[in-house]
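Here's the letter readout for the chains.
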Amino acid sequence: MEKLIIEGGKPLYGEITISGAKNAALPCIAATLLAPGEHVLKNVPNLRDTRTILSLLEELGATWRREGATLFIDCSDIVYSEVSYDLVKTMRASVLVLGPLLARLGRAKVSLPGGCAIGERPINFHINGFERFGVDCRLEQGYVEAFIDGRLKGNTVYFDQPSVTATENLLMASVMASGTTTLKNAAREPEIGNLIDMLVNMGAEIEGKGTDSITVHGVSKLHAAETKIIPDRIETGTYLIAVGAAGGEAVIKNCNPLHLPALIEKLKESGLALTTEDSSISIAAQTKKGHELKSVDIKTMPYPGYPTDLQAQFMVLMTLSNSICVIKETIFENRFMHVAELRRMGATIKTEGNSAVVSGNGRDALSGARVMATDLRASSSLVIAGIAATGRTEISRIYHLERGYENLVAKLSNLGARVWKENE
Ligand code: EPU
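A quick note: this is a predicted structure, and the numbers were derived from the prediction, not measured. (Residues numbered from 1 in each chain as written. Predicted model: local features only at pLDDT ≥ 70, side-chain atom pairs only at ≥ 80, totals over all residues. Heavy atoms only, no water.)

**Considerations on helix H6 (residues 164-174)**
Think of an α-helix as turning once every 3.6 residues; residues three or four places apart then point the same way.
Line of reasoning, step 1. In terms of burial, H6 is a largely internal element, nine of the 11 residues being buried.
Line of reasoning, step 2. Where H6 begins, one side-chain oxygen reaches toward the backbone nitrogen of Ala-166, 3.2 Å away; that side chain belongs to Ser-163. (Buried < 20%, exposed > 50% of the residue type's maximum accessible area, 1.4 Å probe, protein only. Helix = DSSP H or I, 4+ residues; strand = E, 2+ residues; numbered from the N terminus. Polar contact = N/O pair within 3.5 Å; in protein donor to acceptor, adjacent residues only side chain to side chain.)

Below, the structure is given as structure tokens:
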């Protein structure tokens, strides 16, 4: 196993290019199951998670090849086979094949994901939705077995809470259903807009992109098409926060500033200078005396609120601020695993329920330590902490990072960070 070594305390300067969004690529790759022919997906990041979903598709009979950031996927010969626990336990997003398999084959068997490091994360919204479309869903021996004789039947589905992958799964299930489907209180994340664009390119009829009420008029057939994956807004946010924490100046290129409304405002509130253009963001972070970071509260919310996937990273920034703030996590019940690790690096953070009170101790608050990564975004927060800290930080279990950050070491090194991998 590899660990990440960081010699921190050095400001970051330069340019960084953002990759395609993991959480848009995963549903779009799953959506290729809906139609035969060769699908073309551009700007797909080469990550452990995208490789995992491609091997899942291979097990279902798909063939694929990669040329640079472009994937060519052929789903002409899809066969019914179960999606095993071994796959689902390494990546929960594997459940995204349920919707397209039901639409294409009328049946699917996928292992039920268990809890994970950040919370229980049930899939009841997905199952309830399929049942509203007339699908018979049974839970047996840890698997969801779903079956329908003939086409799915369009219906109205109301979500008790906006859910990203449930909205995506039900969209993919409904595009070839008979009649009309309306998804109410649907999630509005930009990744869902990307999936809608792809489905429309394939011949689907969908209204309400970007809103919480999506209407699908079912069509009998879809065809393969070409779609570009949007830039990764969480990767963009992670590097913005890294520069804010380490100090320095950088231009983040190939991103979409419109997808980060809450983060950009919060970073400006904390005193960082940001300017946005169509597809880039420039950030300048002073570390000299008299330029302290201000403490700013955040509360995670469904899009366009502050994203839970950038909560841990922002917390690191706040440990370096000049006062006290409250960080409230409302999406997942156990997403403070990074707190104990950050305390080992000198941070002063108290948690109570879903709130963390961070007492900023100024720019020199953190010092390097040996820490452990627990999930993807917690891991990236430790990388930011290591870069901002004085001395050496060693992060173990970095396989989490490889799930979601393409070329992390190279990108940070380009900005002048002293970071490398070593064997444990
Ligand atoms: N929920 C239910 N029942 C369901 C589905 C969701 O109760 O059937 C609850 C969840 O437990 C949670 C809330 O609804 O409290 C929202 O969860 P959501 O379903 O939106 O999360 P997700 O679709 O499983 C995606 C991202 C996550 C991201 C969340 C929230 C993908 C592949 N994953 O997960 O990304 O944190 O939305 O924005 O899109 C990551 O990339 O590190 C990551 C965890």
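**What about the packing of aromatic side chains?**
Line of reasoning, step 1. Scanning the model with the defined rule gives two aromatic pairs in all.
Line of reasoning, step 2. With centroids separated by 5.7 Å and ring planes inclined at 70°, the aromatic side chains of Tyr-306 and Phe-314 adopt a geometry described as edge-to-face.
Line of reasoning, step 3. The class of Tyr-306 is buried, set by a relative accessible area of 3%.
Line of reasoning, step 4. A relative accessible area of 0% means that Phe-314 is categorised as buried.
Line of reasoning, step 5. Here the basic side chain of Arg-65 rests over the ring of Phe-72, its NZ or CZ set 4.1 Å away from the ring centre. (Phe/Tyr/Trp six-rings, centres within 6.5 Å; stacked < 30°, edge-to-face > 60°. Lys NZ or Arg CZ within 6 Å of the ring centre and 35° of its normal.)

**Considerations on the environment of Ile-281**
Line of reasoning, step 1. If you trace the backbone, Ile-281 turns up in strand E16 (residues 280-285).
Line of reasoning, step 2. The exposure class assigned to Ile-281 is buried, which follows from its relative accessible area of 0%.
Line of reasoning, step 3. Counting along the chain gives 224 residues from Ile-281 to Leu-57, while the straight-line C-alpha distance between them is 36 Å.
Line of reasoning, step 4. Excluding residues within four positions of it along the chain, Ile-281 makes contact with Thr-236, Leu-240, Ala-250, Val-251, Ile-252, Cys-255, Pro-257, Ile-264, Leu-274, Thr-275 and Thr-276. (Contact = heavy atoms within 4.5 Å.)

**Digging into the site of the ligand**
Line of reasoning, step 1. Near the ligand you find 21 residues, and of these Asn-124, Ser-163, Thr-165, Asp-309 and Ile-331 are the closest.
Line of reasoning, step 2. Taking Pro-122, its main chain carries an N or O atom lying 3.2 Å from an oxygen atom of the ligand.
Line of reasoning, step 3. Separating an oxygen atom of the ligand from a side-chain N or O atom of Ser-163 is a distance of 2.6 Å.
Line of reasoning, step 4. When the free accessible area of the ligand is taken as 830 Å², the share hidden by the protein chains comes to 89%.
Line of reasoning, step 5. Here the element with the most residues in the shell around the ligand is helix H5 (residues 124-132); it accounts for three residues. (Near = heavy atom within 4 Å. Areas by Shrake-Rupley, 256 points an atom, 1.4 Å probe, with all protein chains shown as cover.)

**Quick look at the domain arrangement of the protein chain**
Line of reasoning, step 1. Taken domain by domain, the protein chain holds domain 1 (2-19 + 231-423) and domain 2 (22-228).
Line of reasoning, step 2. For domain 1 versus domain 2, the separation of C-alpha centres amounts to 31 Å.
Line of reasoning, step 3. Listed by partner, the interface residues are 24 residues for domain 1 and 20 residues for domain 2.
Line of reasoning, step 4. Looking only at domain 1, the three residues that lose the most surface to domain 2 are Tyr-303, Arg-403 and Glu-406, adding up to 31% of its buried area.
Line of reasoning, step 5. For the pair domain 1 and domain 2, the interface holds two salt bridges.
Line of reasoning, step 6. For the salt bridge of Glu-191 with Arg-233, the shortest nitrogen-to-oxygen distance reads 2.8 Å.
Line of reasoning, step 7. Inspection of the region where domain 1 meets domain 2 yields 10 residue pairs in polar contact (both at pLDDT 80 or more). (Domains from an automatic or database assignment. Buried area = accessible area lost by both parts, 1.4 Å probe. Salt bridge = Lys/Arg side-chain N within 4 Å of Asp/Glu carboxyl O.)

**Structural notes on the pairing of strand E8 (residues 143-147)**
Line of reasoning, step 1. Pairing between strand E6 (residues 107-111) and E8: five bridges, direction antiparallel. Bridged to Ala-108 within E8 is Ala-146.
Line of reasoning, step 2. Linking strand E7 (residues 136-140) back to E8 in an antiparallel pair, the connection comprises two residues, with Gln-141 at a positive phi of about 50°. (Pairing = 2+ DSSP bridges.)

**Points about a nonpolar patch on the surface**
Line of reasoning, step 1. The grouping of Ile-324, Val-326 and Val-357 at the surface amounts to a nonpolar patch, some 220 Å² of accessible area in total.
Line of reasoning, step 2. Assessed through its relative accessible area of 33%, Val-357 is described here as partly exposed. (Patch = residues over 30% accessible without salt bridge, like charges linked within 9 Å, V, L, I, M, F, W, Y side chains within 5 Å.)

**Considering the nonpolar core**
Line of reasoning, step 1. One finds Leu-34, Leu-171 and Leu-199 to be the most contacted residues of the largest nonpolar core, which totals 76 residues.
Line of reasoning, step 2. With seven residues, helix H1 (residues 22-31) is the single largest residue contributor to this core.
Line of reasoning, step 3. Core analysis: the next-biggest nonpolar cluster, separate from the first, contains 69 residues, Ile-6, Leu-12, Ile-349 and Ile-387 among them. (Core = buried A, V, L, I, M, F, W, Y, C linked by side-chain atoms within 4.5 Å.)

**Examining the packing of helix H11 (residues 337-344) against helix H12 (residues 376-388)**
When two helices pack together, their arrangement is given by the angle between their axes and by how far apart the axes lie.
Line of reasoning, step 1. Viewed as axis vectors pointing N to C, H11 and H12 meet at an angle of 20°, and their least axial separation amounts to 9 Å. By the angle between their directions, the pair H11 and H12 is classed as roughly parallel. Crossing of H11 against H12: the hand is right-handed. Contacts from His-338, Glu-341 and Leu-342 in H11 reach Ala-378, Ser-381, Leu-382 and Ala-385 in H12.
Line of reasoning, step 2. For the contact of H11 with H12, the per-class residue count stands at four nonpolar, two polar and one charged. (Axes fitted to C-alpha atoms, helices over the stretch in contact; angles between N-to-C directions. Parallel < 35°, antiparallel > 145°, perpendicular 65-115°, else oblique. Left-handed = near helix turned anticlockwise from the far one by under 90°. Nonpolar A, V, L, I, M, F, W, Y, C, P; charged D, E, K, R; others polar.)

**Digging into the packing of helix H8 (residues 233-246) against helix H10 (residues 311-319)**
Line of reasoning, step 1. Two numbers describe how H8 lies on H10: the axes approach to 10 Å, and their chain directions differ by 10°. As judged from the angle between their axes, H8 and H10 are roughly parallel. On H10, the residues touching Ile-234, Thr-238, Ile-241, Gly-244 and Ala-245 of H8 are Gln-313, Phe-314 and Leu-317.
Line of reasoning, step 2. Along the lines of polarity and charge, the residues of the contact of H8 with H10 split into five nonpolar, three polar and no charged.

**Considering the state of the cysteines**
Line of reasoning, step 1. The full count for this structure, using the stated rule, is zero disulfides.
Line of reasoning, step 2. Here Cys-255 stays free of any disulfide, with the sulfur of Cys-28 as its closest cysteine sulfur at 19 Å.
Line of reasoning, step 3. On the basis of relative accessible area, Cys-255 is assigned to the buried category, the value being 3%. (Disulfide = S-S within 2.5 Å.)

**Here's the deal with the pairing of strand E15 (residues 273-277)**
The side chains of a regular strand alternate between both faces of the sheet.
Line of reasoning, step 1. Here E15 runs beside E16; their pairing, made up of five bridges, is antiparallel. Residue Glu-277 lies in a different strand from E16, and its bridge partner there is Ser-280.
Line of reasoning, step 2. Connecting E15 to the next strand, E16, in antiparallel fashion are two residues.

**Some thoughts on the sheet that holds strand E1 (residues 2-7)**
Line of reasoning, step 1. Taken together, four strands build an open sheet; the order of strands is E21-E22-E1-E23 and the sheet is mixed. The open sheet has two free edges, formed respectively by strand E21 (370-372) and strand E23 (418-423), since each of these has just one partner strand. Here the average twist between neighbouring strands, direction ignored, is 25°.
Line of reasoning, step 2. Here E1 pairs with E23 via six bridges, running antiparallel. Bridge pairing links Ile-5 to Trp-420 in E23.
Line of reasoning, step 3. Where H12 meets the sheet, it contacts E1, E21 and strand E22 (392-396), and its direction lies at approximately 35° from that of E1.

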